[in-house]
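# Residue-level structure breakdown
Take a look at the letters that make up each chain.
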Amino acid sequence: MNEKLLVVCGTGMGSSMILKMMVDQVVGAQKLPFDVSSDLASSARSSGADVIVAGLDLAPTLTNVPATVIGIKNILDKAEIASALEDYLASKSDGED
């Protein structure tokens, strides 16, 4: 079963759309188990997402969110995104032992 991944930015436009495109490309190319969507950061808490991806500047503001928050420094860097998502999945599998 795929995990729900939510890409957010402050306004729900612009940077989240770019970041979502990059995340979609990484998820598709590496066949990672995520269903990707995007929304406003203010909707993150009630989204039901398992993991939230945001720009590094926004990530620290996503407190009290019942999901893992991943901050991305360069939203155009697919290698950074892939590494962050793989690290997240590895940490989840480590905890299931």
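The coordinates are above.
Residues numbered from 1 in each chain as written. Predicted model: local features only at pLDDT ≥ 70, side-chain atom pairs only at ≥ 80, totals over all residues. Heavy atoms only, no water.

### Comments concerning the nonpolar core
Counting residues in hydrophobic clusters, the biggest one holds 19 residues, and the most contacted among them are Leu 5, Val 23, Phe 34, Val 53, Ile 70, Ile 81 and Leu 85. Of all the secondary structure elements, the ones that give two or more residues to this core are strand E1 (3-9), helix H1 (15-30), strand E2 (34-40), strand E3 (51-55), strand E4 (68-72) and helix H2 (78-94). Residues in contact with Leu 5, not counting those within four places in the same chain, are Val 23, Phe 34, Asp 35, Val 36, Ser 37, Val 51, Val 53 and Leu 85. Val 8, Ala 44, Leu 58 and Leu 62 belong to the second-largest nonpolar core, a separate cluster that totals eleven residues. (Core = buried A, V, L, I, M, F, W, Y, C linked by side-chain atoms within 4.5 Å. Buried < 20%, exposed > 50% of the residue type's maximum accessible area, 1.4 Å probe, protein only. Helix = DSSP H or I, 4+ residues; strand = E, 2+ residues; numbered from the N terminus. Contact = heavy atoms within 4.5 Å.)

### A look at unusual backbone geometry
Its identity as a non-glycine residue notwithstanding, Lys 31 has a phi of 50°, on the positive side. Relative to the helices and strands, Lys 31 is located in the loop between H1 and E2. When its relative accessible area of 70% is taken as the criterion, Lys 31 is described as exposed. A positive phi angle, near 60°, is found at Asn 64, a position not held by glycine. Along the polypeptide, Asn 64 turns up in the loop between E3 and E4.

### Points about the side chain of Ser 16
By the secondary structure assignment, Ser 16 is in helix H1. The buried category is assigned to Ser 16, whose relative accessible area is 0%. Contact partners of Ser 16, with chain neighbours within four places excluded, come to Val 7, Val 8 and Cys 9.

### Some words on the pattern of salt bridges
This structure, assessed with the given rule, holds two salt bridges. The partner of Lys 92 in a salt bridge is Glu 3, with the nearest N and O atoms 4.0 Å apart. Within this pair, whereas Lys 92 is found in helix H2, its partner Glu 3 is found in strand E1, the two being separated by 89 residues in sequence. In this structure, Lys 20 engages Asp 24 in a salt bridge whose closest nitrogen and oxygen atoms are separated by 2.8 Å. With Lys 20 and Asp 24 both in helix H1 and four residues apart, this pair spans about one turn of that helix. Judged by its relative accessible area of 31%, Asp 24 is partly exposed. (Salt bridge = Lys/Arg side-chain N within 4 Å of Asp/Glu carboxyl O.)

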